[in-house]
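These are the residues of each chain, in order.
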Amino acid sequence: MKYTEKVSNRLNDLLTRTYDAEKGFKLAQEKIDNPSIKTFLNERVQQRYNFGHELKDEIANFGELPEKGGSIKGDLHRTWMNLTATLTGNETERILEEVERGEKASLEEYNDILKDNDMILPPSTENLLIKQRNAIKAALNINKRYEELVS
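Residue positions within a chain follow its written sequence, with the count starting from 1. The predicted nature of this model means local features are confined to residues of pLDDT at least 70 and side-chain atom pairs, given and counted, to a pLDDT of 80 or more, with totals for whole chains, interfaces and linings taken over all residues. No hydrogens and no water enter the side-chain calculation; it runs on all heavy atoms of the structure.

### Looking at the environment of Tyr19
Which entries qualify depends on this criterion: Helix and strand definitions follow DSSP, with helices as H or I runs of at least four residues and strands as E runs of at least two, each counted in order from the N terminus.
Within the element layout of this structure, Tyr19 appears in helix α1 (residues 5-31). In sequence terms Tyr19 and Phe51 are 32 residues apart; their C-alpha atoms lie 9.0 Å from each other.

### Thoughts on the packing of α1 against helix α4 (residues 91-115)
Note the cut-off: Orientation is described by lines fitted to C-alpha atoms, with helices fitted over the stretch in contact, and by angles between N-to-C directions that extend from 0 to 180 degrees. In what follows, roughly perpendicular refers to angles from 65 to 115 degrees, roughly parallel to angles under 35, roughly antiparallel to angles over 145, and oblique to any angle outside these ranges. By convention, the crossing between two helices is left-handed when the near helix turns anticlockwise from the far helix through less than a right angle, and right-handed when the turn is clockwise. Note on contacts: a residue pair is in contact if any heavy atoms of the two residues lie within 4.5 Å.
With their axes 11 Å apart at the nearest point, α1 and α4 run at an angle of 165° to one another. Comparing the axis directions of α1 and α4 gives the class roughly antiparallel. α4 is crossed by α1, and the crossing has left-handed handedness. Every residue of α4 that contacts α1 at Arg10, Asp13, Leu14, Arg17, Thr18, Phe25, Ala28 and Lys31 is listed here: Glu91, Ile95, Val99, Glu103, Glu109, Tyr110, Asp112 and Ile113.

### What about the pattern of salt bridges?
Our working rule: Throughout this description, the term salt bridge denotes a Lys or Arg side-chain nitrogen within 4 Å of a carboxyl oxygen of Asp or Glu.
Under the defined criterion, the tally for this structure stands at 11 salt bridges. Note that Arg17 and Glu109 form a salt bridge whose closest N and O atoms lie 2.4 Å from each other. Of the two residues, Arg17 sits in helix α1 while Glu109 sits in helix α4, which places them 92 residues apart along the sequence. With its nearest N and O atoms 3.6 Å apart, the salt bridge here joins Arg94 to Glu97.

### Here we look at helix α2 (residues 35-61)
Let me state the cut-off plainly: To estimate the expected span of a helix, count its residues, drop one, and scale the result by 1.5 Å. Exposure classes here rest on a 1.4 Å probe applied to the protein chains alone. A residue is buried below 20% of its type maximum, exposed above 50%, and partly exposed in between.
Here α2 is 27 residues long and its end C-alpha atoms lie 39 Å apart, about the 39 Å a rise of 1.5 Å per residue gives. Along α2, the positions that sit buried rather than exposed are Ile37, Phe40, Leu41, Arg44, Val45, Gln47, Arg48, Phe51, Gly52, Leu55, Glu58 and Ile59. On its buried face, α2 is in contact with α1, α4 and α5 (123-150). Just beyond α2, the residue with positive phi is Gly63, at close to 80°.

### Things to note about α5
An ideal rise of 1.5 Å per residue puts 40 Å on 28 residues; α5 measures up with 41 Å between its terminal C-alpha atoms. Within α5, burial applies to Thr125, Leu128, Leu129, Gln132, Arg133, Ile136, Ala139, Leu140, Asn143, Tyr146 and Glu147.

### A few points about the nonpolar core
One broad trend across soluble globular proteins is that nonpolar side chains are buried collectively. Here is the rule: Among buried residues, the Ala, Val, Leu, Ile, Met, Phe, Trp, Tyr and Cys ones that are joined through side-chain atoms within 4.5 Å form a nonpolar core.
Counting residues in hydrophobic clusters, the biggest one holds 20 residues, and the most contacted among them are Leu55, Tyr110, Leu121 and Leu129. Of all the elements in the fold, those that place two or more residues in this core are α1, α2, α4 and α5. In terms of residue count, the dominant contributor to this core is α1 (five residues). With sequence-adjacent residues up to four places away left out, Leu55 is seen in contact with Leu14, Leu15, Thr18, Tyr110, Leu128, Leu129 and Gln132. Core analysis: the second largest hydrophobic core is formed by 13 residues, Phe25, Phe40, Ile95 and Leu96 among them.

### Quick notes on the side chain of Glu64
Formally: Whenever two N or O atoms come within 3.5 Å, that pair is a polar contact, provided that in protein one can donate a hydrogen and the other can accept it, and provided that, for residues adjacent in sequence, both atoms are side-chain atoms.
By the secondary structure assignment, Glu64 is in the loop between α2 and α3 (72-87). Judged by relative accessible area, which is 18%, Glu64 ranks as buried. Of the polar contacts made by the side chain of Glu64, one reaches the side chain of Ser8; its length is 3.3 Å. The residues touching Glu64, leaving out its near neighbours within four places in the chain, are Lys2, Tyr3, Ser8 and Ile59.

So this is what it looks like as structure tokens:
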């Protein structure tokens, strides 16, 4: 079985965003001094690294070529994070807000793919996306608790 072009494109877009998120979390954890938050962000780096490999394997298993890098939009977002972190008083709070914004966008993308009735996903792909989406939801809840602590 092969993916349709639409499924392949959507999953490769998701893979690109996963690369972007991994790079963003690396940048964020480098700017944080709080050991607990630094560990949390480092775990997100590893999580997105793993997500990327899972998505690449899944895409390749269905005869498609996975994307190899991040996006210009992701590069711009990281530049924005750098700039705003240097201009704001509470760098940790600002970074956690950006993490929340990014995670919400990720959830939206996963939900859009999973709810798209025009795409038929193989069960293995659907299960992978549900597992990754749920892990992002859990991380978002932890991020919110950290935001409350630092604000």
